[in-house]
Amino acid sequence: MKFTARLTALPEKSLSVWISLTLITMTAFCILCFGLFWVNMRLHHYRVEVGYLQKGFSETKKLEIKNKILQVKDYIQWVTHNPESALSAAITRKARAFKAAAAKGKTASDTSFGFYSTIIRSSSWYFKIPVVLLSQDGEVLLEDLPGPEESEKDTKMRLTKMLALASASVRGEEGRVFLFESGDREAMAGLAAGSVNTHIFPGYKVVFLIPSDRVRATLQEFILDTVSRMRYSENEYIFINTIYGKALVSNGQYNREPVDIAASGSEDWVKIFRVQQQSVKYPQGLFHTYLWRKLSPDEVDRKTSFFSFLPGWNWIIGTGFYEDEIRQVIRAKRDALRNQFVQDILSTVVFFLVMSLLSYLLARHYSRRMNRNIEIFSAFFRRSALENIHINIDGLAYREFRTLASDANHMAIERRKAEEALRNSEAHYRYLFEKNPAPMLIYELGSLNMLAVNDAFTSHYGYSQHETSRMRLTDLYPPDEKADIALLTTELTGHAYIGEWHHIKKDGTTITIETHSHDILFNTRRGRVAVINDITLRKKTEEEIRLLNSELESRVRQRTLQLEATNRELEAYSYSISHDLRAPLRAILGFSQILSSRHKEALNEEGRQYMDFIVEASSRMERLINDLLHYSRLGRKSLAMHTVGLRPVLMQVLHEFHQELEEAGAEITIPEELPGICGNETLLHQVFSNLVGNSIKYRRPEVPLQITLVDQSTPDAPRIVFSDNGIGIPQEHWEKIFNVFQRLHDESTYPGTGIGLATVKKAMMLQGGSVRVTSVIGVGTDFHLEFQPG
Amino acid sequence: MREDAIILLVDDNRMDIALTLDAFREARLFNKIQVVQSGEAALNYLFGTGPYSDRTAYPLPNLILLDLKMPGIDGFEVLKRIKNTEILRRIPVIILTSSKEEEDRNLSYDIGTNSYLEKPISFQGFIEVVKQINDYWFTLNIGADD
């Protein structure tokens, strides 16, 4: 088959093939279903029919034969009571026979009355019907008087009547049977019949008569003859027996001479006849089943018969059927059904073939149309990559393909746009590559051949484009790095920064570079694009900076050490100065004291005064030296810093200054709560001592001394303000007062060494805090102290 | 008061020596005070060597007043030698110096000085110190059994 050939020729089952297959399969399936359904229905119908036949046929047949008999009986009754037609038929038959006989013996020369009369006389006897020949005028020309046993007188009388009637009826219709009352009382109901025929002998009237004594016999003969002809099959016929055992109609034959059943010698017949005689007792008739020989073929079969008694005639009338008939019917049915089956299956097969062919043709048609569309599409897709084409939508069948084509056209347009954009973008990127100020190169993966370099590369490295096209990436690297870079390129994916490497320019100089590289598809070759950053200068600068830094560091360290040493030296110096100053001072003071106490008398007033000056100056020098020692000692001690409560230290100091404060009438205000700080208790003590001492020393004599502490701490830094109502400090001295030996007043007004506030500052600094001063002349001074939080 | 107690005064400063001696006198203390003017001399005295080999003329002192800052062998060295020598170890040594430095004090006590006194600036202070030395070391203090 062409279809299967195409099917196998296809490398892969295409959609159209699938659609065709599906269509054919569906069609075949539908037809098969329909055929099966049809056959099944037939079978069902057959089963019903056979069942019906087997069960009901017998009864139906019985009813049938019964009805038949009843019909025959009705017919016989009707004929009996309406004998005209029967008699008419009899006369007509006789007349026809008579005419035929007359025609046989007639010649042209014999048209004489004599011939007619001869015919009539012979026929009248033969047909047992009286025939009268009349002239056209009704004159009796010839009469036949067949009844030999009849008396002359009777015959004449009867004939007269008949003739009168006949004459009267001459004017009646040709061939019509007319009935009339005969005078014969013994005859059946006294009824006679006659018929006038004018066409038998031209120029004469021939009257056929059935005399009343012959009417019944004629009727019987007519009935029996008619009934004997009523046979509807070879083995189904109506029989009529008289109740006295004469078989009038048997085996479908009219017995002109009735057969005596008892004398027939057939025992079966006699036996059956006895059963038939029983029907006299059953006005509804009687069914009987028995074995009886069929007429044809000559075999015995079961027969069911219906017998009914006909009282008017004293006949038993019946008919029957053989069971073989049912079998034959069923067989016939089965055969018919088988034929029907075969026919059904044949028609189903034909239908199937026709429909399959039709669906194949249909499927082929549509798949061809679809393939044509698909070819258009595939041609479009093949060529659209190269050319600017579109699908002609009008050339396509089916709405779906047209929609698809419009989408495909749209896609092609969009793709061309995208390609355009891509081309622009590629140009842009090419420009970015070629004109990039950083040297860039593209190398192929695997071979490491240089595929492209940009202008910056050629100008930076000194190689021409032509030279680089013959180089490999490793050619740029110094010998000891070639293997490493070759290995590294096999591991790079995506974007990568590979750190610092060295390149050798064409002129042989080695430069330090760092590169960023990324995968790229360059003219269908897989490679990487690398951006090179020459960091030689940067490295050099970095190195210089690093050297400078380390040099600077060492210099700073050295200088710091020097400074520290100097500092220590200075401290030791100031200390030893202070220390060594004390020895001569001690001598001066000691001996001047000894002199002024032990040798006072040896001096005059002036000498004593000078002596006192020496003592006073020495004492002052002693204080100076003590304070200096104290100050310088501050930095020499190692300091333990810990949390110290401000308030206890301050209270201690105030207690130590108890007497002086009382003398100054001091009024002291300190908050109940002062913050804890991180510091050194000794230093703190020193600070407060000096501040309190300062306040006492520089108070205004005219007012009582007031010392106030205010807590101005922030969460980060404990801060307090130590205020007095002293003489105040001019603003230009706010900074200076913290310097060593800075005095604002002469010794005689405010005795002091000028080291107190310097000590305060140093102590605060050593604790990581600070001190500054604000003051208003004649109002008071505020010392702002800030500490490290505790 | 132990009039017979011998004090060895070690000081390089003549004026201080004079003041100390004067202070003793002023305080009416008449102990025999042997004076040496350098650490070397002090060691010679204590070990009976050199010019001080005569123990009768230079007997071992009952108390040593020792200055720290001296040229050559300084007070620390002298103190160290004293405390390292069995026969001298039990002689009370009082550092009498113009230094109040913590370092000096700690070092002195570490080596084994029995007391550390600062030389007062005033003469009156000297007298007080001398008195206190006497009161404490020769009156209150119960020395080791010689």
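Residues numbered from 1 in each chain as written. Chains lettered and ligands numbered in written order. Predicted model: local features only at pLDDT ≥ 70, side-chain atom pairs only at ≥ 80, totals over all residues. Heavy atoms only, no water.

Trainee: Please provide a residue-by-residue account of the overall build of chain B, values included.
Mentor: Per the secondary structure count, chain B includes 6 helices and 5 strands. Secondary structure elements in chain B, listed N-terminal to C-terminal, are β-α-β-α-β-α-α-β-α-β-α. A total of 146 residues make up chain B; the buried ones form 50% of that total. Expressed as a percentage of contacts within chain B between residues at least 6 apart in sequence, the contacts between residues at least 24 apart total 64%. By element, 47% of the accessible surface of chain B is carried by carbon and sulfur atoms, the whole surface being about 7100 Å². (Helix = DSSP H or I, 4+ residues; strand = E, 2+ residues; numbered from the N terminus. Buried < 20%, exposed > 50% of the residue type's maximum accessible area, 1.4 Å probe, protein only. Contact = heavy atoms within 4.5 Å. Areas by Shrake-Rupley, 256 points an atom, 1.4 Å probe, with all protein chains shown as cover.)

Trainee: An account of the interface of chain B and chain A is needed here, citing residue identities and associated values.
Mentor: Each partner contributes to the interface: chain B provides 24 residues, whereas chain A provides 17 residues. Overall, the association of chain B and chain A removes approximately 1700 Å² of surface from exposure, summing both partners, and the carbon and sulfur fraction of that is 53%. It is S98(B), E101(B) and I121(B) that lose the most area in chain B upon contact with chain A, and together they represent 40% of the buried surface on that side. In this structure, the connection of chain B to chain A is made through 3 salt bridges. As a salt-bridge pair, E26(B) and R598(A) come within 2.7 Å of each other at their nearest N and O atoms. (Buried area = accessible area lost by both parts, 1.4 Å probe. Salt bridge = Lys/Arg side-chain N within 4 Å of Asp/Glu carboxyl O.)

Trainee: So what about the sheet that holds strand β4 (residues 93-97) of chain B? Which residues, and what values?
Mentor: Residue and element names in this part refer to chain B. The strand order across the open sheet built from 5 strands is β2-β1-β3-β4-β5, with neighbouring strands paired in parallel fashion. Pairing within the sheet leaves two strands with one partner each, and these edge strands are β2 (32-36) and β5 (115-118). Between one strand axis and the next, the sheet turns through 20 degrees on average, direction left out of account. Here β4 runs beside β5; their pairing, made up of 4 bridges, is parallel. In the strand pairing of β5, L96 is matched with L117. (Pairing = 2+ DSSP bridges. Axes fitted to C-alpha atoms, helices over the stretch in contact; angles between N-to-C directions.)

Trainee: Outline the nonpolar core, supporting the account with residue identities and numerical values.
Mentor: F688(A) and F783(A) are the most contacted members of the largest nonpolar core, which totals 38 residues. Breaking this core down by element, the ones donating at least two residues are α15 (646-656), α17 (681-697), β20 (706-711), β21 (719-724), α18 (756-766), β22 (770-776) and β23 (780-786) of chain A. Here this core takes 7 residues from α17(A), the largest share from any one element. Dropping the residues within four chain positions of it, F688(A) is found in contact with L646(A), V649(A), L650(A), V653(A), I720(A) and L785(A). Core analysis: the second largest hydrophobic core is formed by 24 residues, L8(B), V10(B), V78(B) and L88(B) among them. (Core = buried A, V, L, I, M, F, W, Y, C linked by side-chain atoms within 4.5 Å.)

Trainee: Tell me what's going on with the pairing of strand β10 (residues 300-310) of chain A, and back it up with residues and numbers.
Mentor: Residues and elements named next belong to chain A. Here β10 lies mainly inside the structure; 9 of its 11 residues are buried. Where strand β9 (residues 286-293) meets β10, 8 bridges bridge the pair, whose relative direction is antiparallel. In the sheet register, T289 faces β10, and the bridge partner there is T304. What sits between the antiparallel neighbours β10 and strand β11 (residues 315-322) is a turn of 4 residues, in which N314 has the positive phi angle 60 degrees.

Trainee: Help me get a handle on α15(A), residues and values and all.
Mentor: All names here are of chain A. Within the sequence span of α15, burial applies to L646, V649, L650, V653 and L654. For α15, the buried positions fall inside an angular range of 135 degrees around the axis, keeping them on one side. Exposed positions of α15 whose direction lies more than 90 degrees from the buried face are P648 and H655. (Arc of directions from axis to C-beta.)

Trainee: So, helix α12 (residues 479-489) of chain A: which residues are in play, and what are the values?
Mentor: All names here are of chain A. Restricting attention to buried positions, one finds in α12 the residues E481, I485 and T489. Looking straight down α12, one finds its buried side chains confined to an arc of 65 degrees; they lie on one side. α12 presents P479, D480, A483 and L487 as exposed residues on the side facing more than 90 degrees away from its buried surface. The elements touched by buried residues of α12 are β12 (440-444) and β14 (496-504).

Trainee: How would you sum up the pairing of strand β19 (residues 676-679) of chain A? Please name residues and give values.
Mentor: Residue and element names in this part refer to chain A. Residue alternation in β19 divides its side chains into a buried set, I677 and G679, and an unburied set, G676 and C678. Here strand β17 (residues 642-645) runs beside β19; their pairing, made up of 4 bridges, is antiparallel. For H642, the partnering residue across the bridge sits in β19 and is G679. Note: β19 against strand β24 (residues 788-789), 2 bridges, orientation antiparallel. Within β24, the position partnered with I677 by the bridge is P789.

Trainee: Run through the pattern of salt bridges, naming residues and quoting values.
Mentor: Scanning the entire structure with this criterion turns up 31 salt bridges over all chains. Linking R423(A) and E420(A) is a salt bridge whose minimum nitrogen-to-oxygen distance equals 2.9 Å. Taken together, the residues span about one helical turn, with R423(A) and E420(A) both in helix α9 (residues 399-434) at a distance of 3 residues. For D11(B), the salt bridge is made with K119(B), and the minimal N-O distance between the two is 2.8 Å. Separated by 108 residues along the polypeptide, D11(B) in the loop between β1 (6-10) and α1 (14-26) and K119(B) in the loop between β5 and α6 (123-140) bring together distant segments of the chain. What emerges from the salt-bridge pattern is a single network uniting R586(A), D11(B), D16(B), D67(B) and K119(B).

Trainee: An account of a nonpolar patch on the surface is needed here, citing residue identities and associated values.
Mentor: All names here are of chain A. Taken together, the side chains of F34, F37, W38, M41 and F351 make up a nonpolar region of the molecular surface, amounting to roughly 510 Å² of accessible area. Take the nonpolar patch: its biggest share by element is 4 residues, from helix α2 (residues 15-81). Following the sequence through the fold, F34 ends up in helix α2. Looking at F34, the relative accessible area reads 47%, which means it is partly exposed. (Patch = residues over 30% accessible without salt bridge, like charges linked within 9 Å, V, L, I, M, F, W, Y side chains within 5 Å.)

Trainee: Break down the side chain of H503(A) for me, citing the residues and quoting the values.
Mentor: Residue and element names in this part refer to chain A. Summarising the element assignment, H503 is placed in strand β14. A distance of 3.2 Å separates a polar atom in the side chain of H503 from a polar atom in the side chain of Y477. Here H503 is in contact with Y461, L476, Y477, P478, T509, T510, I511, I513 and I532, once residues within four sequence places are set aside. (Polar contact = N/O pair within 3.5 Å; in protein donor to acceptor, adjacent residues only side chain to side chain.)

Trainee: An account of the packing of helix α13 (residues 536-598) of chain A against α6(B) is needed here, citing residue identities and associated values.
Mentor: Relative placement of two packed helices is described by the angle separating their axes and the distance separating the axes. Contact pair α13(A) / α6(B): the axes reach a minimum separation of 8 Å and the direction vectors enclose 95 degrees. The pairing of α13(A) with α6(B) is recorded here as roughly perpendicular in orientation. Counted together, R586(A), G590(A), Q593(A), I594(A) and R598(A) of α13(A) and F123(B), Q124(B) and F126(B) of α6(B) form the full contact between these two elements. (Parallel < 35°, antiparallel > 145°, perpendicular 65-115°, else oblique.)

Trainee: Report on the packing of aromatic side chains, specifying residues and quantitative values.
Mentor: Residue and element names in this part refer to chain A. With the rule as written, the count across this model stands at 17 aromatic pairs over all chains. Relative to W38, the ring of F34 has its centre 6.4 Å away and its plane inclined at 20 degrees; by these criteria the two rings are stacked. Residue F34 and its partner W38 are both found in helix α2; the two are separated by 4 residues, about one turn of the helix. Classification of W38 as partly exposed rests on a relative accessible area of 30%. Ring centres of Y290 and W292 lie 5.8 Å apart, and the angle between their planes is 80 degrees; on these two criteria the pair is classed as edge-to-face. Feature note: the residues Y366, F377, F380, F381, Y398 and F401 constitute an aromatic cluster, connected by ring pairs. Against the face of F287 rests K62, its NZ or CZ located 5.4 Å from the ring centre. (Phe/Tyr/Trp six-rings, centres within 6.5 Å; stacked < 30°, edge-to-face > 60°. Lys NZ or Arg CZ within 6 Å of the ring centre and 35° of its normal.)

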